[in-house]
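Letter by letter, the chains look like this.
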Amino acid sequence: MQATQGRSAGLGLALVSAFAFGGSGVAAKPLIEAGLDPLHVVWLRVAGAALVMLPVAWRHRNLVRERPALLAGFGLFAVAGVQACYFAAISRIPVGVALLVEYLAPALVLGWVRFVQRRPVTRAAAVGVVLAVGGLACVVEVWAGLGFDAFGLLLALGAACCQVGYFVLSDHGGQGSGQGSQGSGQGSQGAGGPGAERAEPPHPVGVIAYGLLGGAVVLTVVARPWGMDWGVLGASAAMNGHPVPAWLLLGWIVLLATVLAYLTGVVSVRLLSPQVAGVVACLEAVIATVLAWVLLGEHLSAPQLVGGTVVLAGAFIAQSSAPRPPSGPVASGPGAPGLPDGECADGDVSTGAGGGFSGRPAAP
């Protein structure tokens, strides 16, 4: 009975997280169209969330000493890189298209595993890659000579590549982080003998908190917020022709699409299996597309909708079939975000999009 209630609660929280992550682009685009630079919107999101998460960062301050490379990679790639590319992309192309392009990340990770690391991949994973690429061809309407801004598509692809970069970094970090008494990720069965203890993995919420702090520092240098038109935040932004207070949209991005999204994701994956969490994570792109349709008036054609469904199916197959290190940097932890803002349900850093931070590491 308790297990059933736990799964129900986990599913509910995962849906909340998917809705929260999926709304980031919808809330950010009106601010960009009102006059804010995409980098400034990203900085406001990350810096605001970092301030809210400061107490969490203090609680897990030991991570700075124990896992500096992991925190730096999360801040640079999963937070700053993914979100800067994603927000810049949605200033030029529809929100749904940008997020669906990001869902190429699982396929790109498998390409890295197969052709760079020269590790075998399963037939199911290869099928997932083919589906994702084929579906993306429908989304961008290749038969029409790319119906969208080519640079915007390139920026969305850059967000996917940032997710791949973080996955590769965290994979290597997990392999050499001293888990067990040797660096091969084999736990206690290595050189230290059967009795060797595996190092305790870092808490994923702590990694998120420091990733946001690190991302805020990087984005402060890049975005130069002192040159931002702060007056925009005191005015209104147009959402499909309807004026909305800019400060309300900013609060949506910081509190709902970032802080709430991550925290509910962390709690939900403690209660769900990786397979269920993966399915729910794929809903983020659907939610973002529907919200953009309703709130921004961004309509996708029937072929694009079919292609988007195929992309999500391929991404899910590729992600669930991808080989993962036995003990990644966040593996077996107390819980990890389960969204496209990039972490998988069992705590391993995964190939999911987000979010990244859509997303997930850091869904957008």
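All values derive from a computational prediction rather than experimental measurement.

Here's the deal with the environment of valine 140
Summarising the element assignment, valine 140 is placed in the loop between α9 (123–139) and α10 (150–175). With 42 residues separating them in the primary sequence, valine 140 and alanine 98 have C-alpha atoms 9.7 Å apart.

Topic: the state of the cysteines
Using the criterion set out here, one finds 0 disulfides in the structure. Free cysteine: cysteine 161, not disulfide-bonded; nearest cysteine sulfur from cysteine 162 at 7.3 Å.

As for the packing of helix α2 (residues 24–33) against helix α6 (residues 68–90)
Between α2 and α6, whose axes approach to 9 Å, the crossing angle comes to 60°. Judged by the angle between their axes, α2 and α6 are oblique. Here α2 runs over α6; the crossing is right-handed. For the pair α2 and α6, the contacting residues are Ser24, Gly25, Ala28, Lys29 and Ile32 in the first and Tyr86, Phe87 and Ile90 in the second. Looking at the contact of α2 with α6, its residues break down into 5 nonpolar, 2 polar and 1 charged.

Here we look at the pattern of salt bridges
Inspection of the entire model under this criterion finds 3 salt bridges. Across the pair glutamate 298 and lysine 29 runs a salt bridge whose closest N-O atoms are separated by 2.6 Å. Linking glutamate 298 in the loop between α13 (274–296) and α14 (302–321) with lysine 29 in helix α2, this pair joins segments that are 269 residues apart in sequence. Between arginine 65 and glutamate 66 there is a salt bridge, with its nearest N and O atoms 3.7 Å apart. For arginine 65, a relative accessible area of 63% gives the class exposed.

Brief notes about the confidence of the model for the protein chain
For the protein chain, per-residue confidence averages 75 on the pLDDT scale, and 71% of positions sit at 70 or higher. Within the protein chain, the lowest mean pLDDT, 74, falls on α13, and the highest, 95, falls on helix α3 (residues 38–52). With pLDDT under 50 throughout, residues 324–362 is counted as low confidence; its partners more than four residues away or in other chains account for 214 contacts.

A closer look at the nonpolar core
Proteins that are soluble and globular tend to have nonpolar side chains buried together. Within the largest apolar cluster, 86 residues are counted, with the highest numbers of intra-cluster contacts made by Leu36, Val41, Tyr86, Ile90, Ile93, Val97 and Leu212. The contacts of valine 41, once residues within four sequence positions are left out, are Ala28, Leu31, Ile32, Leu36, Phe87 and Ile253. Residues Ala105, Val109, Val113 and Val164 belong to the second largest nonpolar core, which totals 7 residues.

Digging into the environment of proline 225
By the secondary structure assignment, proline 225 is in the loop between α11 (204–223) and β1 (236–239). Take proline 225: its relative accessible area is 5%, and that puts it in the buried class. With residues up to four places along the chain from it excluded, the contact list for proline 225 reads His40, Trp43, Thr220 and Trp230.

A closer look at the packing of aromatic side chains
Geometrically, a pair of aromatic rings is defined through the distance of the ring centres and the angle of the planes. One pass over the structure, following the stated rule, counts 3 aromatic pairs. Seen from their ring centres, phenylalanine 21 and tyrosine 262 are 4.9 Å apart, and the 85° between their planes marks the pair as edge-to-face. Residue phenylalanine 21 is located in helix α1 (residues 2–22), and its partner tyrosine 262 is located in helix α12 (residues 246–271); the two are separated by 241 residues in the primary sequence. For the pair phenylalanine 21 and tyrosine 262, one class covers both residues: buried. Their ring planes at 90° and their centres at 6.2 Å tell us that tryptophan 43 and tryptophan 230 sit as a pair that is edge-to-face. Of this pair, tryptophan 43 sits in helix α3 while tryptophan 230 sits in the loop between α11 and β1, and the two are 187 residues apart along the sequence. Sitting over the face of the ring of tryptophan 58, arginine 61 holds its NZ or CZ atom 4.2 Å from the ring centroid.

Basis of the calculations
- What you see as residue numbers is a count from 1 along each chain, following the sequence as written.
- Owing to the predicted nature of the model, reporting of local features is limited to residues with pLDDT of at least 70; listing and counting of side-chain atom pairs is limited to 80 or more, with chain, interface and lining totals taken over all residues.
- Note that the side-chain values use all heavy atoms of the structure and ignore hydrogens as well as water.
- Strands here mean DSSP runs of E at least two residues long; helices mean DSSP runs of H or I at least four residues long; both are numbered from the N terminus.
- Disulfides are defined in this document as cysteine sulfur pairs within 2.5 Å.
- Convention adopted: a line fitted to C-alpha atoms gives each axis, helices being fitted over their contacting stretch, and angles between N-to-C directions are expressed from 0 to 180 degrees.
- Roughly parallel means an angle under 35 degrees; roughly antiparallel, over 145; roughly perpendicular, 65 to 115; everything else is oblique.
- For any helix crossing, the convention is left-handed if the near helix is rotated counterclockwise from the far helix by under a right angle, and right-handed if that rotation is clockwise.
- When checking whether two residues touch, look at their non-hydrogen atoms; a contact exists if any pair is within 4.5 Å.
- Here the term charged refers only to Asp, Glu, Lys and Arg, the term nonpolar to Ala, Val, Leu, Ile, Met, Phe, Trp, Tyr, Cys and Pro, and the term polar to all other amino acids, Gly among them.
- Here, a salt bridge means any Lys or Arg side-chain nitrogen found within 4 Å of an Asp or Glu carboxyl oxygen.
- Buried, partly exposed and exposed residues are distinguished by accessible area as a fraction of the type maximum, computed with a 1.4 Å probe on protein chains only: under 20%, between the cut-offs, and over 50%, respectively.
- On a scale of 0 to 100, pLDDT captures the predictor's confidence in every residue.
- Residue types Ala, Val, Leu, Ile, Met, Phe, Trp, Tyr and Cys, when buried and joined through side-chain atoms within 4.5 Å, form a set referred to as a nonpolar core.
- Pairing of aromatic side chains requires ring centres within 6.5 Å, counting the rings of Phe and Tyr and the six-membered ring of Trp. Pairs whose planes differ by under 30 degrees are stacked, by over 60 edge-to-face, and all others tilted.
- In this scheme, Lys NZ or Arg CZ marks a charge over a ring once it lies within 6 Å of the ring centre and within 35 degrees of the ring normal.

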